[in-house]
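Chain by chain, the residues:
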Amino acid sequence: MDAKVEDLTGLQVQPVSGSIGAEISGVRLADLTDAAFAAIRQAFLDHCMLVFRSQHLSMEEHVAFAARWGEFDVNPLSPYREDYPMILELENRGKSRAVTENWHYDSTFEAAPPAITILSARDVPVGGDTMWCNQYRAYERLSPGMQRLLEGVRAEFTGARLAKLYGLPEVPRSLHPVVRTHPETGRKALYIGKPGDTVPRLEDMSPEDSVPLLAYLYEHSTRPDNIYRHHWRNGDVVMWDNRCTMHYAVHDYGDEAVRSLHRITIAGDVPR
Ligand SMILES: O=C(O)CCC(=O)C(=O)O
Ligand SMILES: [Fe+2]
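These numbers come from a predicted model, not from an experiment.

Caption draft 1: View of the sheet that holds strand β10 (residues 173-177). The three strands lie next to each other as β10-β9-β13, forming an open sheet whose pairing is antiparallel. Sheet topology places β10 and β13 (201-202) at the edges, where each strand pairs with a single neighbour. Relative to β13, strand β9 (residues 154-158) runs antiparallel, the two being bridged by two bridges. If you follow Ala155 over to β13, its bridge partner there is Leu202.

If you want it as structure tokens, here you go:
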């Protein structure tokens, strides 16, 4: 069956896996009508992450597209560009310093983590794919008993990896519910991170008590039948909903290869 849907603006929405993501074609992000933007917003809420091929956005165009989604979020730990202070350049720091080579939600150590992240691929190597998993599905596929058990449970989230990368004296941390309700769709998503490291424990529990359960939830979320893996090309724009997806940046391209993507994040709510 061809799942492609075309609307009146000429824009097409094509799912990229059975569990998460869609590619939007027939549109230039640098030149969007309000009708096309409304269709993109609906596809984003439906599919959790979107792929736009061959956009080759200038920094100004990237910023203008991102501004349609809300306020920019600037993370106090990371070095942004001087000319565009909302753009963070992702580059190859070497595998041993790759803080994103694990499944994570962005900036969960913040009280109000970003809602959306938008990447623009400038110069990408062979390899260096990024993967996303659908955390609505991860929640919905838990047994009703486990869903009940997790109701009202919070976890401690830390910025341990970034603190180590930047040599910060203190590790930032926040408590968030492990089942959060998306503020726009009203759907429940499993909200977790790498156990023992980004998520050291559940609230009022020891690591010994809670890491085995967190490890189960992490593995359950990231099974191959719950992910999409993106092979980057220069000019791609990919955006994800940081309230219902985790992602993982594969570092398989060596410490010398150039890999350059520009990143803008949009502010989000306190998870509830
Ligand atoms: O390098 C990538 O593909 C994604 C890195 C990442 O985790 C992020 O930008 O939040
Ligand atoms: Fe990330």
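Caption draft 2: Highlighting the site of ligand 1. As a matter of local geometry, ligand 1 sits amid Leu90, Thr100, His104, Asp106, Leu119, Thr130, Trp240, His247, Ala249, Arg259 and Arg263. A distance of 2.8 Å separates an oxygen atom of ligand 1 from a polar side-chain atom of Arg259. Burial of ligand 1 by the protein chains amounts to 96% of its free accessible area of 290 Å². The residue makeup of the shell around ligand 1, split by class, is four nonpolar, four polar and three charged.

Caption draft 3: Representation of the coordination of the iron ion (ligand 2) in the model. The iron ion (ligand 2) binds to the protein through His104 (NE2), Asp106 (OD) and His247 (NE2); the donor distances cover 2.0 to 2.1 Å. One chain supplies every donor to the iron ion (ligand 2), and in sequence these donors are spaced H-x1-D-x140-H. Linking Asp106 in the loop between β6 (88-90) and β7 (116-123) with His247 in strand β16 (residues 245-249), this pair joins segments that are 141 residues apart in sequence. A relative accessible area of 5% means that His247 is categorised as buried.

Caption draft 4: Representation of the nonpolar core within the structure. In this structure, Met49, Trp132, Leu150, Leu190 and Trp232 are the most contacted members of the largest nonpolar core, which totals 40 residues. Residue contacts for Met49: discarding those within four places in its chain leaves Ile20, Gly21, Ala22, Trp132, Tyr228, Val238, Met239 and Trp240. Judged by nonpolar contacts, the second largest core, of 30 residues, contains Leu29, Ala43, Ala66 and Ala115.

Calculation criteria
Residues numbered from 1 in each chain as written. Chains lettered and ligands numbered in written order. Predicted model: local features only at pLDDT ≥ 70, side-chain atom pairs only at ≥ 80, totals over all residues. Heavy atoms only, no water. Pairing = 2+ DSSP bridges. Helix = DSSP H or I, 4+ residues; strand = E, 2+ residues; numbered from the N terminus. Near = heavy atom within 4 Å. Polar contact = N/O pair within 3.5 Å; in protein donor to acceptor, adjacent residues only side chain to side chain. Areas by Shrake-Rupley, 256 points an atom, 1.4 Å probe, with all protein chains shown as cover. Nonpolar A, V, L, I, M, F, W, Y, C, P; charged D, E, K, R; others polar. Donors = N, O, S within 2.8 Å, 3.2 Å for Na, K, Ca; no water. Buried < 20%, exposed > 50% of the residue type's maximum accessible area, 1.4 Å probe, protein only. Core = buried A, V, L, I, M, F, W, Y, C linked by side-chain atoms within 4.5 Å. Contact = heavy atoms within 4.5 Å.

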